[in-house]
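# Coordinate inspection notes
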Amino acid sequence: KAGVTQTPRYLIKTRGQQVTLSCSPISGHRSVSWYQQTPGQGLQFLFEYFSETQRNKGNFPGRFSGRQFSNSRSEMNVSTLELGDSALYLCASSLGAAGEKLFFGSGTQLSVL
Amino acid sequence: DQQVKQNSPSLSVQEGRISILNCDYTNSMFDYFLWYKKYPAEGPTFLISISSIKDKNEDGRFTVFLNKSAKHLSLHIVPSQPGDSAVYFCAASGNNDYKLSFGAGTTVTVRA
């Protein structure tokens, strides 16, 4: 079974630009979550989608948005990039039950210059 | 507000000995607790979990202990191996919040 696939692997943008990151979950998984990891920080929850519906959202500004498609693939978008948005963005998938383990992709490393 | 705390940023242990990683939480609504391991340039991988109705769960070399009254859990790795050198994250989830709250991580180095 293929794992969680995130594209692109690396991304360099400049302040003010916008970016879209993509995530393909494990086949059969209907829940996709997004997390941000910055140096010295744990993983910060961005949002979670299940069957195209956002079930939970973290404490991030409205510049961060996401969506999920009918095939469970998900995208997240960050508009008006700031230097502080430089981070590793991780996508995770699961069947969707509360408390179950998540399967993570390798992440997209975003650098904002 | 950091609801899950790992107060030791690093741990060094000799190969073959026990590694003990600690984690504290503040939210009494957490029902599930998980440990993840992360190598550089890779996503976290699941290690072991425990629900709030148990106080111990064991899987091979890994054992997680939960003390609900103290809001504390720990991960024991016995015996430690060089391949265990990684960052370990503690995470917790409530029954209906569909997200994991992570600690900041503990970097484990296993010395030969």
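Let us now look at the overall build of chain A. Secondary structure assignment for chain A yields 0 helices and 11 strands. Along chain A, helices (α) and strands (β) appear in the sequence β-β-β-β-β-β-β-β-β-β-β when read from the amino end. Computed over the C-alpha atoms, the radius of gyration of chain A is 13 Å, within 12% of the 13 Å expected from 2.2 N^0.38 for a compact globule of 113 residues. Principal-axis analysis of the C-alpha atoms gives chain A an extent of 35 × 30 × 25 Å. Residue pairs in contact within chain A that sit at least 24 positions apart in sequence constitute 55% of those at least 6 positions apart. Counting every atom, chain A has about 5200 Å² of accessible surface; 49% of that belongs to carbon and sulfur. Across chain A, the mean location of the 11 positive side-chain charges is 4 Å away from that of the 6 negative side-chain charges.

All right, on to the interface of chain A and chain B then. Accessible area lost upon the coming together of the parts serves often as the stated size of an interface. Facing 24 residues of chain A, the contacting portion of chain B comprises 22 residues. Taken as a group, Leu 43, Ala 98 and Gly 99 of chain A account for 27% of the area that chain A buries against chain B, more than any other trio of residues on that side. Along the contact surface separating chain A from chain B lie 0 salt bridges. Inspection of the chain A/chain B interface yields 4 residue pairs in polar contact (both at pLDDT 80 or more). Among the elements that line the side of chain A that touches chain B, the one with the most residues is strand 5 (residues 43–50) of chain A, at 4 residues.

This part takes up the sheet that holds strand 8 (residues 74–78) of chain A. Residue and element names in this part refer to chain A. Reading across from one edge, 1-3-8-7 is the order of the 4 strands in this open sheet, with antiparallel pairing throughout. Every other strand in the sheet has two partners, leaving strand 1 (5–7) and strand 7 (64–68) as the edge strands with one partner each. Along the sheet, successive strands turn relative to each other by an average axial angle of 15°, direction set aside. Looking at chain direction, strand 3 (residues 19–24) and strand 8 are connected through 5 bridges and run antiparallel. Within strand 8, the position partnered with Val 19 by the bridge is Val 78.

All right, on to empty space enclosed by the protein then. Across all of its chains, the model carries 1 cavity of 30 Å³ or more by this definition. Reported here for the largest cavity is a volume of approximately 100 Å³. The wall of the largest cavity is formed by 16 residues, among which Ser 94, Ala 97 and Leu 102 of chain A together with Tyr 98 and Lys 99 of chain B lie closest to the centre. The biggest single contributor to the lining of the largest cavity is strand 4 (residues 31–37) of chain A, with 3 residues. By residue class, the composition of the lining of the largest cavity is 6 nonpolar, 6 polar and 4 charged.

All names here are of chain A. With the rule as written, the count across this model stands at 7 salt bridges over all chains. Put simply, Arg 55 and Glu 48 hold a salt bridge, and the shortest N to O gap is 2.7 Å. With relative accessibility at 28%, the residue Arg 55 sits in the partly exposed group. As a salt-bridge pair, Glu 75 and Arg 67 come within 3.3 Å of each other at their nearest N and O atoms. With relative accessibility at 16%, the residue Glu 75 sits in the buried group. Linked by salt bridges that have partners in common, Arg 63, Glu 82 and Asp 85 make up one network.

The next thing to look at is the environment of Ser 106 of chain A. Mapped onto the fold, Ser 106 of chain A is located in the loop between strand 10 (103–104) and strand 11 (108–112). Using a relative accessible area of 33% as the deciding quantity, one classes Ser 106 of chain A as partly exposed. Along the sequence, Ser 106 of chain A and Gln 36 of chain A sit 70 residues apart, while their C-alpha atoms lie 12 Å from each other. Setting aside residues no more than four positions away along its own chain, Ser 106 of chain A makes contact with Gln 6, Arg 9, Leu 88 and Leu 90 of chain A together with Ala 41, Glu 42 and Gly 43 of chain B.

All names here are of chain A. The buried fraction of strand 9 (residues 87–94) is high, at 8 of 8 residues. Of the two faces of strand 9, the one holding Ala 87, Tyr 89, Cys 91 and Ser 93 and the one holding Leu 88, Leu 90, Ala 92 and Ser 94 are both buried throughout. Both strand 4 and strand 9 contribute to a ladder of 7 bridges, which runs antiparallel. Along strand 9, the bridge assignment pairs Ser 31 with Ser 94. Where strand 9 meets strand 10, 2 bridges bridge the pair, whose relative direction is antiparallel.

Quick notes on the rules
- Residues numbered from 1 in each chain as written.
- Chains lettered and ligands numbered in written order.
- Predicted model: local features only at pLDDT ≥ 70, side-chain atom pairs only at ≥ 80, totals over all residues.
- Heavy atoms only, no water.
- Helix = DSSP H or I, 4+ residues; strand = E, 2+ residues; numbered from the N terminus.
- Rg over C-alpha atoms; globule rule 2.2 N^0.38 Å.
- Contact = heavy atoms within 4.5 Å.
- Areas by Shrake-Rupley, 256 points an atom, 1.4 Å probe, with all protein chains shown as cover.
- Lys, Arg positive; Asp, Glu negative; His and termini not counted.
- Charge placed at Lys NZ, Arg CZ, Asp CG, Glu CD.
- Buried area = accessible area lost by both parts, 1.4 Å probe.
- Salt bridge = Lys/Arg side-chain N within 4 Å of Asp/Glu carboxyl O.
- Polar contact = N/O pair within 3.5 Å; in protein donor to acceptor, adjacent residues only side chain to side chain.
- Pairing = 2+ DSSP bridges.
- Axes fitted to C-alpha atoms, helices over the stretch in contact; angles between N-to-C directions.
- 1 Å grid on protein atoms, 1.4 Å probe; cavity = no way out; pocket = protein on both sides within 12 Å on 5 of 7 lines; lining within 4 Å.
- Points joined across faces, edges and corners; volume = space filled by probe spheres on them.
- Nonpolar A, V, L, I, M, F, W, Y, C, P; charged D, E, K, R; others polar.
- Buried < 20%, exposed > 50% of the residue type's maximum accessible area, 1.4 Å probe, protein only.

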